[in-house]
Structures are given as C-alpha cells and as structure tokens.
Amino acid sequence: MRRATYREGVRTALRDALRRDPRVFLLGEDVGRYGGAYACSAGLLEEFGPERVRDAPLAENGFVGAAIGAAMGGLRPIVEIMTVNFALLALDQLVNNAATLRHMTAGQVSVPLVVRMATGAGRQLGAQHSHSLENWFAHVPGLRVLAPATVQDARDMVLAAFDDPDPVVIVENQVLYPTEGDLDEDAPPVSPWHAIVRRPGRDASIITHGGSLSKSLVAAELLAKEGIEVEVLDLRCLRPLDVDAIVATVTRTHRAVLVDESWKTGGLAAEVCATLVERAFYELDAPVARVCSVEVPVPYAKHLEDAALPSPARIVDAVKGVLHGRI
Amino acid sequence: MTPEPLERMRQMVRIRRFEERCAELYSQTKIRGFLHLYIGEEAVGVGVMGALTDDDQIVATYREHGHALARGVDAGALMAEMFGRSNGCARGRGGSMHIADVSRRFWGGFAIVGGGLPIAVGLALADKTLGRAGVTACFFGDGATEEGAYHEALNLASLWKLPVLFVCENNQYAMGTALSAHAADTELTHEPRAHGIVAERVDGMDVVAVEQAATRALEAIRRGDGPRFLEFMTYRFRAHSMYDADKYRDKTEIARWKARDPLALYAEYLLAEGLAARADLDAIDAAAMAEVDAAVAFAEQGGLEPIEDLTKDVYTHDVSARGAP
C-alpha cells in the first residue's frame, strides 16, 4: 500500500495489462510520445514500443472502429479518448457495432474492448471539454460502464474491464487525475460490478459516483458537524446498476439525495430515482432529491462554472431538504 | 486458388436464383424487414471471393447475400435467418442485413453505411500484429465514400500499412441519389490515391476481370505493400430495396446495363471459348434451383427462438450477481 495519484492508479493498471498479455495494446490520441493528455500512459511507449502504445490520428470513429475490429480479430485493445465530448464522434462505432455485434450474430462475435475517457467539469475548459455524458453509454445494452471514484478503483477497474470479454466504457472524471489516495498495486482487483458504501450513516443516503463522490463526502463531514449522519453510496458501476445496493441503503435511511454531475433531464439520477420508486417506494419517508448540473452548456468563467456544478453546499442543502419535518 | 471456369458461373447463378426466390418470398411475407438484392452485381462478389483464401476475412454491407453465398455460408442457414428462425445463422437476431458466419471469417453485413470500414482496418491490424497471413476484404458502395468513416479508415490502413483490400462496388447510386449528385469528384479512385493507396477502376460486370484485378491487388498486399483499392463499375438491376419504387433511374439506363448482365456475358464467354456446353450451363442452373429449394425447405422447418432467450448474447456472461467486495 502506498500513496499515489489517480493517474498513477490508471497507469499501474495499463502497465500490468501490457505486461500480462502480449495481445494488449493501447490506442488513442497522444497516448505514446506525448504520454497521454492526462499523463496516464507516460513512460509506457518507452517500455513497450510503438506497436503496443499506438498513437492514433484525430479520427475517433475510425480508431475506435479499428479497435473493435482488432478485438474481434483476437487483440485486446485498451482505447483512450481524450474527453467524452470527443467520444461523441465514435458513438456510431460504440453503439452500432461494439454494443450490437455479439447479439446480432447470436454470440459468434466477441468484442473484448476497453474504452477509457475523461469526463466532467471543474477545470474551466468550457462547453466542449467539460460534460458528463456517462448516461449516454449507460443507456445501451451490450456496453458496461464503470466510473472509478478512488485511486484504487482507477487501477482496479481498468484491470477488471480488461478481464471482461465484452466492451467496457470507463469514465474518469478529469479533476480526479492529480488527486491522491491509497493504492495497493498487488491486491487482486475488487469486483467493479457492485456499489460500495463509502461512509455509513443513519439519517439519509447520498447516492453518487465518479467525481461527485468527494463532494458528497465533504458534504457528509459538514452535516456530521450538525449531528446529521448520512450514508454515502458510491455506485461505481453505472451499467448494470447495483439495484440491490440502492434499495438497501434507502431501506436503512429512508431518505435519498442523488448526486450526479450530468444534467438532470434524462440522466442517471433519474434512473436511480425510478429504481427507488419501483423497488423501495414504501421505504421512502420523504421525496427523493437530485443534485445535478444546471441545465446549461458548462461555462468557462470560474464563478459560472462553479454555480453550474454540484457542490458540497448544494448537497448539504438537499440533504437538509429531505430531512425537513423529520419526526 | 483460381477457381475453374465453371465454378465462377456456378457461384453467380446460385446468387441470382437465391435472390430471385428471396424477392418472391418477400412478396409472400415470409421474409420481412429491409431486403436489398445484389442482382446485377454478382460478378464483383464472386470475382473477389474467387481470389481470396480461407485465411482472408470479409466485411460486407447490408447487400451481402451474394458475398455470403460466394464465401460458402450455407444457403439454408442464410434463408432461415431471413425467415427469422432459430436455425438461421444468427438464430433470427440479425436478418437480411446482418448475415455473419465467423467460421468462414465472414464477419457480417454492416448496415450503417461506411461503418464496416474501420472494423476491417482493425481486423487487418490484428492479422498483422499476430503474424497471420490473412487479408481483410472490405466491401462498400459508392455512397459510403462520402462518409467520414471511409476517409478515416483509408488513412488508418495506409498509415499503418495494413493488409486491407478496399472493394468499392460502384453501382452509381447512393440509395436514390446518383453519384454525380452525391460526389463532388466522381472519380472514386482519386481519394484513395490521396491517402497513398494504389487504386484501380475495373469493369465490375466481367467476372474474370474482377478476379484478375483482385488477384493482382492481393499479391501486392501480401507482399506487404499495404492496402489496395479497387473500384468496380457495376449496377443493381433491381431497386435499392423492396420498398423502393425506383423512380429516379432512367429506363434506358437500366436497359443499357442489363444488356451487360454479368451472368450472360460470362455464359457467352464460356460457350465461345469452348469452356462449357449449353448442357453444362443448364445443369448449373438446375443445381442452383435445387439448392434454393432445399434452403427454403430448411428455413420452413426451422423453429422459433424461445422468448425466454430474448436477452441471450447481449453479454458473454452476467455480472449483476453481487460478488464479495
């Protein structure tokens, strides 16, 4: 166990996968000589060479499609897309090919593909580099979607996705890359397919994922000072959702605040909310609250960007709201 | 590797008779959905397949019955797939536009125009990386050349010197829009050349010319020269799909192309060269009809997939069961 950054967690897993299996190769814009836009693959070109750490042209649909074909042909590509906004250019290949081929051929074709992408706002990058569109991918049967929120998960989820025989999308919130946490590089990866309670509490549940976990934990600390104990559930896997864990936390606390950096309309928080209505309606003692991004393309100016995103203060207010009138 | 002369005829006739029956079955509502017939274009698929080996891979479009049959996909499994039956090659999950038989390295019909090209690039990358001998033949139409994926795939294949044979079936129309109305430059060999790929235009109604051009291109690719591009001038005799009233094509244009029917041209050649007698051609036709009859019978006797299996094969395995953290 050591202290490490989130990007080191990713890099450790990429190196492990490259060492473990000669069929593995990294593919993406500037993953090689540049070392990755977020330095996740720094040093790997030198260790593994240009065929296994392969720089791609700026052609997301083309190189993601090529990765799908390579996976069909027996390789194990791990693709990096610089930001989720650019991944929209590859939606055709991901949604129409990667997600469908297994079913459409009655199991003849497998697509063992890992696609990592940076998501999220908070670095004043404006509306074309700051969005959280993980729900777009989580909507699609045939894909799996993971959202590592900790340094250990940043490592474990890459390895688990690599071990999965089907296409897995990993959304890495870009504000997390320089953050530090504990990393055990020798531990067997924790299963990524279920949610984890990051903080226990009796009064209400905050259900969140990815870059919003740390904000939720800060909010939980602030609330604890006022005697309010919230449970924080990290969803981790966005498709399939861990429905049992979602029901279980609300069965313990009877109140829920859903924190999700994507927009409220049609977002993942809406899916979690619908799950609660379907599966835990009679456990709820108060209406569910959602803390999502304001419905605006994420603006550049710091004060505007801050105002657009979930914050510990907004989460605290939402928790107090669902606790209003508590007996 | 080169098929004997009658084999080319056999393959083209199989495809023609199979698809003529498909049109009838569509009218009888045995086949539903979209049905795109290859009639008129058979020489391209048959000529290229004749030049490929078992190690090579094929990526096709939604107009792929002919390619599948010429590659050796079982006619019964193909017909049953279009009937939506469990003895179809994709157990009714794919239909006419998504015929796949991975045992034949026939990766399927890709029904997003241009969407198969990046896949072909990746299959070729896998072959090259793993030291396998195969070439990936990627079929697409003139309409696909306007897609971004087309240009991205040409660049990737050329940049990485991959063993891809790009096979452009230029049937002059992107659905109902003529080439001159969808391409600023109607010389389709220009764009691959701009990406550093040797490109050649070939008569797509002459099965021998197709096969010879494919053989030459494949030799260059197998030498390690990187991808090659072949544009085959061809024409579909039927409408785009069974839904298409075909109001956008001139009748004299259709008649002009039908006068160069690839089956008739090759039959004349075989007879003139003394490579076949009329009785040989009749026997090929009778065998093809018998094969189609058998394929329909096979499809008719197929069962329906159980509804309980509806969500089968979306994933290889289920991960929703909670494991210990």
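Structure's up top.
Rules and cut-offs
- Residues numbered from 1 in each chain as written.
- Chains lettered and ligands numbered in written order.
- Predicted model: local features only at pLDDT ≥ 70, side-chain atom pairs only at ≥ 80, totals over all residues.
- Heavy atoms only, no water.
- Patch = residues over 30% accessible without salt bridge, like charges linked within 9 Å, V, L, I, M, F, W, Y side chains within 5 Å.
- Areas by Shrake-Rupley, 256 points an atom, 1.4 Å probe, with all protein chains shown as cover.
- Salt bridge = Lys/Arg side-chain N within 4 Å of Asp/Glu carboxyl O.
- Helix = DSSP H or I, 4+ residues; strand = E, 2+ residues; numbered from the N terminus.
- Buried < 20%, exposed > 50% of the residue type's maximum accessible area, 1.4 Å probe, protein only.
- Contact = heavy atoms within 4.5 Å.
- Nonpolar A, V, L, I, M, F, W, Y, C, P; charged D, E, K, R; others polar.
- Phe/Tyr/Trp six-rings, centres within 6.5 Å; stacked < 30°, edge-to-face > 60°.
- Pairing = 2+ DSSP bridges.
- Axes fitted to C-alpha atoms, helices over the stretch in contact; angles between N-to-C directions.
- 1 Å grid on protein atoms, 1.4 Å probe; cavity = no way out; pocket = protein on both sides within 12 Å on 5 of 7 lines; lining within 4 Å.
- Points joined across faces, edges and corners; volume = space filled by probe spheres on them.
- Domains from an automatic or database assignment.

Novice: Teacher, can you tell me more about a nonpolar patch on the surface here?
Specialist: Residues and elements named next belong to chain A. Residues Val 277, Phe 281 and Tyr 282 make up a contiguous nonpolar surface patch of roughly 390 Å² in combined accessible area. Here Phe 281 lies in the loop between α11 (268-279) and β14 (289-293). You can call Phe 281 partly exposed: its relative accessible area is 46%.

Novice: It is not clear to me how the interface of chain B and chain A should be interpreted in this structure. Could you clarify?
Specialist: Put simply, an interface is often sized by how much accessible area is lost when its parts join up. On the chain A side, the residues contacting the 43 residues of chain B number 52 residues. The tally of links from chain B across to chain A stands at zero salt bridges. Listing elements by their share of the side of chain B that touches chain A, those giving two or more residues are β2 (106-110), α5 (116-129) and α6 (148-159) of chain B. With eight residues, α5 of chain B is the largest single contributor of residues to the side of chain B that touches chain A. For the side of chain B that touches chain A, the residue count by class is 24 nonpolar, ten polar and nine charged.

Novice: Explanation requested: the packing of aromatic side chains in the structure shown.
Specialist: Two aromatic rings are characterised by how far apart their centres lie and by the angle between their planes. Residues and elements named next belong to chain B. A full pass over the atoms with the stated rule returns eleven aromatic pairs over all chains. Considering the side-chain rings of Phe 34 and Tyr 243, the 5.5 Å spacing of their centres and the 85 degrees angle between planes classify their relative orientation as edge-to-face. With a gap of 209 residues between them, Phe 34 in the loop between α1 (5-27) and α2 (42-51) and Tyr 243 in the loop between β8 (228-233) and α10 (251-258) connect regions that are remote in the sequence. The class of Tyr 243 is exposed, set by a relative accessible area of 61%.

Novice: Explanation requested: the sheet that holds strand β4 (residues 76-81) of chain A in the structure shown.
Specialist: In a beta sheet, neighbouring strands pair by backbone hydrogen bonds and run either parallel or antiparallel. Residue and element names in this part refer to chain A. On the basis of which strands lie adjacent, the open sheet formed by seven strands has the order β3-β2-β4-β5-β7-β6-β12 and mixed pairing. Looking along the sheet, the strands with just one partner apiece sit at the ends: β3 (53-55) and β12 (237-239). The average angle at which neighbouring strand axes cross in this sheet is 20 degrees, direction not considered. Both strand β6 (residues 144-146) and strand β7 (residues 168-173) contribute to a ladder of three bridges, which runs parallel.

Novice: Mind showing me how you'd approach empty space enclosed by the protein here?
Specialist: To find leftover empty space, a probe the size of one water molecule is rolled over the atoms. All names here are of chain A. Overall, the coordinates contain seven cavities of 30 Å³ or more when judged by the stated rule. If you add up the space inside the largest cavity, you get close to 60 Å³. What lines the largest cavity is Thr 119, Ser 132, Glu 134, Val 171, Glu 172, Asn 173, His 209, Gly 210, Gly 211, Ser 212 and Glu 261. For the lining of the largest cavity, the leading source of residues is β7, giving three residues. Grouping the amino acids of the lining of the largest cavity by side-chain chemistry returns one nonpolar, seven polar and three charged. The residue makeup of the lining of the largest cavity includes at least three contributed by each of domain 1 (2-183) and domain 2 (196-323).

All quantities given are derived from atomic positions and should not be read as evidence of function.
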